[in-house]
Amino acid sequence: MLKQYALLIVLFLINSEVSAYDWGKCSSISPRMHWPFLSGRAAYAPLVHSVSFPVGTPQRNALENSFSRLSVNPAKIDFSLGAPTTSLLDNAFNGKNEVWFGNPGNNIHASTKRNTFYDITNTGDCFLIEADIIFNKAFKDNGEYEWSIAKNQLGIFGGAKASFQAIAMHETAHAAGANHEHQTPNLMGLSHGGLRSAGKRNSAFLIPGQYSTDINQKIALPFIGCDLAKGFSDVYQLDMTKKEDISVSPWKLDGQENDGLGDPYSLHRRKQLVMNAAGTAEMPRIITSADPDDLRKDPVYKVPKGSTINLNFMYDNAGRTNQPAVKRNFYLSTDDNLSPDDKLLPAASATLAIPLGAPTVIKTPVVIPASTLAGKYWLFIKLDPNNDITESNNLNNATYAVIQVS
Ligand SMILES: [Zn+2]
């Protein structure tokens, strides 16, 4: 989903750094590539091909939403859509930033082409001077992009389409300098739904980023994750005027996948959501498909009433300060929406530290009351239930695991 020929030599050069994010460079000794600062801030605002993205259309709205969501990063870089253009001047490397639907070559969903300048005579700095984003017109014409955040349309949740908003956020992060990375779940890796057709994944089931689903289980909202947030703040400086953003999600690191050019993606999967009382093994799952690895479905775990289980979720801080004591509530719901009548469960540790820099996967013991009636339940977690923390995005503060109580 991206590649910039000028940058291939710079991969794998930042292993000594603490953070996992991978960033483009002009050369092995240059600083990380970045847009120049103007009046203390950097910006990426490409011209928008008006034939590809007419104002008022679903694809235009989806693109606007993607840029807005990426702009809540904690750094001094802002993303917005620039003026409309009808002339692409034969696309890449015409001296202007542009976004359009075209042919991204071998890249399935989209491609970002970056052009850089390495100042060898003066400061040795590495500036971005152009970045174009080309989405796949064939996908659009075939109806394979989903413009909305409707969960049931997305391939990784059982639908058949690719999340345009997740792809657009991923590509735009490339346009700011980010490379793929393979050590933690984040927007520069891939979430997968595992469906394979004749031995191959359908492209709709392998999508960048991670998704929050919150108390309304009808949406799946892509978000940037703390690792990319750290990259933004290291490269573009922390912006103390931006808001915090903590999140909880079901995703875990599940290996890596090469992008074909030696730059691996992290793979993200919903797994090990419900563990046994000791926290040593995943509880047995109900297999509802002939394919036991059908990753498109929410796993349903078998849990005896009265038992202690561990809820095992990933916590992420993509804001600007460490959060030493975030409140958490756990609820038992009979449906997939968290509502005031759902049962609040006692949990062993009520607060949690969610630091910046890297996501943490934490098991929390929860007792399923012995009085629980047999049946299917959604076990919800909600972070910061009293809204003590002012956040840019409250839609990623909750997630769930599905259990069958017997
Ligand atoms: Zn990519």
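Residues numbered from 1 in each chain as written. Predicted model: local features only at pLDDT ≥ 70, side-chain atom pairs only at ≥ 80, totals over all residues.

When you look at the overall build of the protein chain in this model, what are you seeing that I'm missing?
From N to C terminus, the protein chain includes four helices and 27 strands. For the protein chain, with 406 residues in total, the buried portion stands at 47%. (Helix = DSSP H or I, 4+ residues; strand = E, 2+ residues; numbered from the N terminus. Buried ≥ 20, exposed ≤ 12 C-beta atoms within 10 Å, placed from the backbone.)

Hey, could you run me through the nonpolar core in this one?
Among soluble globular proteins, nonpolar side chains are generally buried collectively. Among the nonpolar cores identified, the biggest contains 63 residues, and Ala173, Ile224 and Leu228 are the most heavily contacted of them. In terms of nonpolar packing, the next biggest core, distinct from the first, is built from 29 residues, Tyr301, Leu338, Val366 and Tyr377 among them. (Core = buried A, V, L, I, M, F, W, Y, C linked by C-beta atoms within 7 Å.)

Help me out: how do you make sense of helix H4 (residues 226-236) in this one?
An α-helix turns once every 3.6 residues. As a result, residues three or four positions apart point the same way. Buried residues dominate H4, accounting for ten of its eleven residues. When H4 is considered as a whole, its buried residues turn out to be Cys226, Asp227, Leu228, Ala229, Lys230, Gly231, Phe232, Ser233, Val235 and Tyr236. Immediately beyond the C-terminal end of H4, within one or two residues, lies Gln237, with a positive phi of roughly 75°.

Help me understand the packing of helix H1 (residues 58-71) against helix H3 (residues 164-175), please; the structure alone is not making it clear to me.
Angle between the axes and distance between the axes: these two values describe a pair of packed helices. Close contact between H1 and H3 brings their axes to 9 Å; oriented N to C, the two are set at 50°. By the angle class used here, H1 and H3 are oblique. The hand of the H1/H3 crossing is right-handed. On H3, the residues touching Ala62, Leu63, Asn65, Ser66, Phe67, Arg69 and Leu70 of H1 are Phe164, Gln165, Ala168, Met169, Thr172 and Ala173. Looking at the contact of H1 with H3 residue by residue, the classes come out as eight nonpolar, four polar and one charged. (Axes fitted to C-alpha atoms, helices over the stretch in contact; angles between N-to-C directions. Parallel < 35°, antiparallel > 145°, perpendicular 65-115°, else oblique. Left-handed = near helix turned anticlockwise from the far one by under 90°. Contact = placed C-beta atoms within 7 Å. Nonpolar A, V, L, I, M, F, W, Y, C, P; charged D, E, K, R; others polar.)

I tried to follow the pairing of strand S5 (residues 98-102) on my own but got confused; where do I start?
Regular strands show a simple pattern: their side chains alternate between the two faces of the sheet. Burial of S5 is extensive: five of the five residues sit out of reach of the surface. With burial as the criterion, each face of S5 is covered, one bearing Glu98, Trp100 and Gly102 and the other bearing Val99 and Phe101. Of the strand pairs in this sheet, strand S2 (residues 47-49) and S5 are connected by two bridges, and their pairing is parallel. By the bridge assignment for S5, Leu47 is matched with Glu98. Two elements, S5 and strand S7 (residues 126-136), share four bridges in a ladder whose sense is parallel. When the sheet's bridge partners are listed, Trp100 is paired in S7 with Ile134. (Pairing = 2+ DSSP bridges.)

What exactly am I supposed to notice about H3 here?
Over its twelve residues, H3 runs 16 Å from end to end, which matches the ideal 16 Å to within 8%, given 1.5 Å per residue. Across the twelve residues that make up H3, a large majority, twelve, are buried. Of all the positions in H3, only Phe164, Gln165, Ala166, Ile167, Ala168, Met169, His170, Glu171, Thr172, Ala173, His174 and Ala175 are classed as buried. One or two steps after H3, the chain reaches Gly177, where phi turns positive at roughly 125°. (Expected span 1.5 Å × (residues − 1).)

For this particular structure, what's the right way to read the confidence of the model for the protein chain?
It should be kept in mind that the predicted coordinates are not to be read in detail where pLDDT is low. Residues with a pLDDT of 70 or more make up 89% of the protein chain, whose mean pLDDT is 87. In this model residues 1-18 is a low-confidence stretch, pLDDT under 50, and it forms 30 contacts with partners more than four residues away in sequence or in other chains. A low-confidence stretch, residues 195-200 (pLDDT under 50), is modelled with six contacts involving residues beyond four sequence positions or located in other chains. (pLDDT = per-residue confidence, 0-100.)

Would you mind going over the sheet that holds S7 with me for this structure?
Two pairing modes exist for strands in a sheet, parallel and antiparallel, and in both the strands are linked by backbone hydrogen bonds. In spatial order, the strands read S4-S2-S5-S7-S6; together these five strands make up an open sheet with mixed pairing. In the strand order of this sheet, the two ends are held by strand S4 (84-85) and strand S6 (110-118), each with one partner. For S6 and S7, the ladder comprises nine bridges, and the chain directions are antiparallel. By the bridge assignment, Ala110 is partnered in S7 with Phe135.

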